[in-house]
Amino acid sequence: MSMCDVRPATGDSSWWVHDRFGMFIHWGAYALAARHEWVKNRERITDEDYQKYFDHFDPDLYDPKAWAKAAREAGMKYFVITTKHHEGFCLWDSAYTDYKATKTPYGKDLLKPMVEAFRAEGLKVGFYYSLIDWHHPQFPIDRVHPMRDNLELREREKGRDMKVYAEYMRNQVRELLTQFGQIDCLFFDFSYPGEDGKGRDDWESEKLLKLVRELQPKVLVDDRLDLGDTDWGWDFKTPEQFMVRGWVTANGRKVLWETCQTFSGSWGYHRDETTWKSEDQLVKMLIDSVSKGGNVLLNVGPTARGEFDARALERLAGMGKWMRQHGRSIYGCTQAPESFAVPQDCRLTYNPETNRLYVHVYSWPIRELHLDGYAGKVKYAQFLNDASEVAFRTAELRHHIEGTAADTLTLLLPVQKPDAVVPVIELFLQ
Ligand code: GLC
């Protein structure tokens, strides 16, 4: 699949389509509440009542080197950190607010050491920046605001000036794009245009994006600035918390896309949430996405002590175990050419540089896997986990031929499934 069929980005996407797998990190004052990063909104908490999380913010076990190591060992090649989420709390020492890590009991900047630690492990750097801000005094109380139901307050605060807030955003984005070196991707979040909502005119998206492109011409920008109808206003699509059914398109054209996903139902640390995905589901999430030409940004919500919790670490290790042996079927790979039919219970990924096709076997068959239409196209086949040869036969050598055509190539498999969550067979194509 040549990348020229795909809508090009304004920024540099060459590393991104190769790397495929990144870590999202949602970390802020909501980690103390430990019940979803939208807690302020959901529970309609006032600024005064929410202040206790800021006043007790002290992640004494914070060790970004350990985070970066866990990400690298999981096979992740980039990370995206919430520099500021909807609650408005900033992880860096912004000159434009006091609502930041340096003013908490912790008292230190959290962002710089994180960026340095991840870079040192060889990961690219992405910043998430919330367009929404439920703490800024000039951010209008709209239909998504925690104080939306307080009509008296809304009336009193109706003079809030969005222009002042839009400028605040530009100032902060300038800080983020000038004080931390090369930033590889940006994740603005999110627009909800329409009545009592916010969209491109409110954020002054065009001006904001112009600034971004000026300061960091290579940076890749997501699609949540409400500029979706332009051909310059976004680089990649961001399907969130669902699996797409095919390569994501816009105006009939394939686009760059990245699905952002959680381990459980929450982005911020959630102590009591138990719908954690299994290792098997997570590995398949990654395979499925690459098989449709996309990336996965998988989220960790660190605790208020500053650690990844055990459930996250266990799953990261599981993915890392699979990726160590099977990363070749992910990095540099994309959707297979249409001339290769997807075999039963399988997914295909393809590396156009090496001309190798990867058969990911989701359900282990009994002794034979039929690849219809593959006869004459395969030079050599092996398992990825141990590089052991996988023999194959075509029609003339097959003992029984029911249901298979002359152009079917049959892989002869061991009865026992190889020791891998999802075994992968590497086909060296003619
Ligand atoms: C959403 C949510 C949010 C999360 C994000 C990740 O828009 O508002 O909490 O940060 O998606 O994509």
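Residues numbered from 1 in each chain as written. Predicted model: local features only at pLDDT ≥ 70, side-chain atom pairs only at ≥ 80, totals over all residues. Heavy atoms only, no water.

1. A closer look at the overall build of the protein chain
Secondary structure summary: the protein chain contains twelve helices and 17 strands in total. Over its C-alpha trace the protein chain gives a radius of gyration of 24 Å, about what one expects of a compact globule, namely 22 Å for 430 residues. Within the protein chain, the proportion of its 430 residues that are buried is 59%. Counting contacts in the protein chain only where the partners sit at least 6 residues apart, residues at least 24 apart contribute 70% of the total. Within the structure as shown, the protein chain displays about 18,200 Å² of accessible surface, and the carbon and sulfur contribution to it stands at 48%. (Helix = DSSP H or I, 4+ residues; strand = E, 2+ residues; numbered from the N terminus. Rg over C-alpha atoms; globule rule 2.2 N^0.38 Å. Buried < 20%, exposed > 50% of the residue type's maximum accessible area, 1.4 Å probe, protein only. Contact = heavy atoms within 4.5 Å. Areas by Shrake-Rupley, 256 points an atom, 1.4 Å probe, with all protein chains shown as cover.)

2. Some details on the sheet that holds strand E2 (residues 78-84)
Taken in spatial order, the eight strands line up as E5-E4-E3-E2-E1-E10-E9-E6 in an open sheet, and their pairing is parallel. The open sheet has two free edges, formed respectively by strand E5 (220-221) and strand E6 (236-237), since each of these has just one partner strand. Sheet topology places strand E3 (residues 124-130) next to strand E4 (residues 185-189); five bridges connect them, and they run parallel. The residue bridging Tyr128 from the neighbouring strand is Phe187, located in E4. (Pairing = 2+ DSSP bridges.)

3. Overview of helix H8 (residues 162-178)
For H8, with 17 residues, the first-to-last C-alpha span of 24 Å sits near the 24 Å given by 1.5 Å per residue. Of all 17 residues that make up H8, twelve are buried, and the element is covered over most of its length. When H8 is considered as a whole, its buried residues turn out to be Met162, Tyr165, Ala166, Tyr168, Met169, Arg170, Asn171, Gln172, Val173, Glu175, Leu176 and Leu177. If you check the start of H8, you find a side-chain oxygen 2.9 Å away from the backbone N of Lys163, and it comes from Asp161. (Expected span 1.5 Å × (residues − 1). Polar contact = N/O pair within 3.5 Å; in protein donor to acceptor, adjacent residues only side chain to side chain.)

4. Brief notes about the sheet that holds strand E11 (residues 346-351)
Taken in spatial order, the four strands line up as E11-E12-E17-E14 in an open sheet, and their pairing is antiparallel. Strands with a single pairing partner mark the edges of an open sheet, and in this sheet they are E11 and strand E14 (378-383). Put simply, the sheet's adjacent strands are angled 20° from each other on average, direction ignored. (Axes fitted to C-alpha atoms, helices over the stretch in contact; angles between N-to-C directions.)

5. Focus: the domain arrangement of the protein chain
As assigned here, the protein chain comprises domain 1 (3-329) and domain 2 (346-429). Between the C-alpha centres of domain 1 and domain 2 there is a distance of 39 Å. Taken residue by residue, the interface counts 14 residues in domain 1 and 16 residues in domain 2. The junction of domain 1 with domain 2 conceals about 1,400 Å² of combined surface from both sides, 56% of it contributed by carbon and sulfur atoms. The residue Glu426 makes a salt bridge to Arg328 at a minimum N-O spacing of 2.7 Å. (Domains from an automatic or database assignment. Buried area = accessible area lost by both parts, 1.4 Å probe. Salt bridge = Lys/Arg side-chain N within 4 Å of Asp/Glu carboxyl O.)

6. A few points about the packing of helix H5 (residues 64-74) against helix H12 (residues 310-326)
Contact geometry of H5 with H12 gives a least axis separation of 7 Å together with a crossing angle of 40°. Taken together, H5 and H12 sit at an angle that is classed as oblique. Facing Ala70, Glu73 and Ala74 of H5, the residues of H12 in contact are Leu313, Leu316, Met319, Gly320 and Met323. Tallied by class, residues from the contact of H5 with H12 come to six nonpolar, one polar and one charged. (Parallel < 35°, antiparallel > 145°, perpendicular 65-115°, else oblique. Nonpolar A, V, L, I, M, F, W, Y, C, P; charged D, E, K, R; others polar.)

7. Looking at the side chain of Lys284
With respect to the element layout, Lys284 can be found in helix H11 (residues 279-290). Owing to a relative accessible area of 19%, Lys284 belongs among the buried residues under this scheme.

8. Focus: the site of the ligand
Neighbouring the ligand are 14 residues; His26, Glu37, His85, His86 and Glu240 lie closest to it. A distance of 2.5 Å is found between an oxygen atom of the ligand and a side-chain nitrogen or oxygen belonging to His26. At 2.5 Å, a side-chain N or O of Glu37 approaches an oxygen atom of the ligand. For the ligand, whose accessible area on its own is 310 Å², the fraction buried by protein is 94%. Split by residue class, the shell around the ligand holds seven nonpolar, three polar and four charged. (Near = heavy atom within 4 Å.)

9. Details of the environment of Tyr128
Within the secondary structure, Tyr128 sits in strand E3. For Tyr128, a relative accessible area of 1% corresponds to the buried category. Spatially, the C-alpha atom of Tyr128 lies 5.6 Å from that of Ile81, the residues being 47 residues apart in sequence. Those residues in contact with Tyr128 that sit more than four places away from it in its chain are Phe24, His26, Val80, Ile81, Thr82, Thr83, Lys84, His85, His86, Phe187 and Asp189.

10. Here we look at empty space enclosed by the protein
Following the criterion strictly, the structure yields one cavity of 30 Å³ or more and no others. In this model, the largest cavity occupies a volume close to 90 Å³. For the largest cavity, the lining is made up of 13 residues, of which Ser264, Ser266, Gly268, Trp276 and Gly301 are closest to its centre. Tallied by class, the residues present in the lining of the largest cavity amount to six nonpolar, six polar and one charged. (1 Å grid on protein atoms, 1.4 Å probe; cavity = no way out; pocket = protein on both sides within 12 Å on 5 of 7 lines; lining within 4 Å. Points joined across faces, edges and corners; volume = space filled by probe spheres on them.)

11. So, the packing of aromatic side chains
Remark: the centre distance and the inter-plane angle together describe each pair of aromatic rings, the angle taken between the planes. By the definition in use, this model includes 31 aromatic pairs. Ring geometry for Trp16 against Phe236: centres 5.0 Å apart, planes inclined by 40°, an arrangement best described as tilted. Here Trp16 is found in helix H1 (residues 14-19), whereas its partner Phe236 is found in strand E6, with 220 residues between them in sequence. Just as Trp16 is buried, Phe236 falls in that class too. Ring pairs connect the aromatic residues Trp27, Phe54, Phe57, Tyr62, Trp67, Phe89, Tyr99, Tyr106 and Phe308, which therefore count as one cluster. (Phe/Tyr/Trp six-rings, centres within 6.5 Å; stacked < 30°, edge-to-face > 60°.)

12. Focus on the pairing of strand E1 (residues 21-25)
On a regular strand, one side chain projects to one face of the sheet and the next to the other, so that they alternate. In terms of burial, E1 is largely enclosed, as five of its five residues are buried. Burial along E1 is two-sided: Phe21, Met23 and Ile25 and Gly22 and Phe24, pointing in opposite directions, are all buried. Relative to E2, E1 runs parallel, the two being bridged by four bridges. Within E2, the residue paired with Phe24 across the bridge is Val80.

13. A short note on the environment of Asp19
With respect to the helices and strands, Asp19 occurs in helix H1. The class for Asp19 is buried, based on a relative accessible area of 9%. Separated by 134 residues in sequence, Asp19 and Leu153 have C-alpha atoms that sit 48 Å apart. Once residues within four sequence positions are removed from consideration, Asp19 is found in contact with Lys77, Tyr78, Lys124 and Tyr331.

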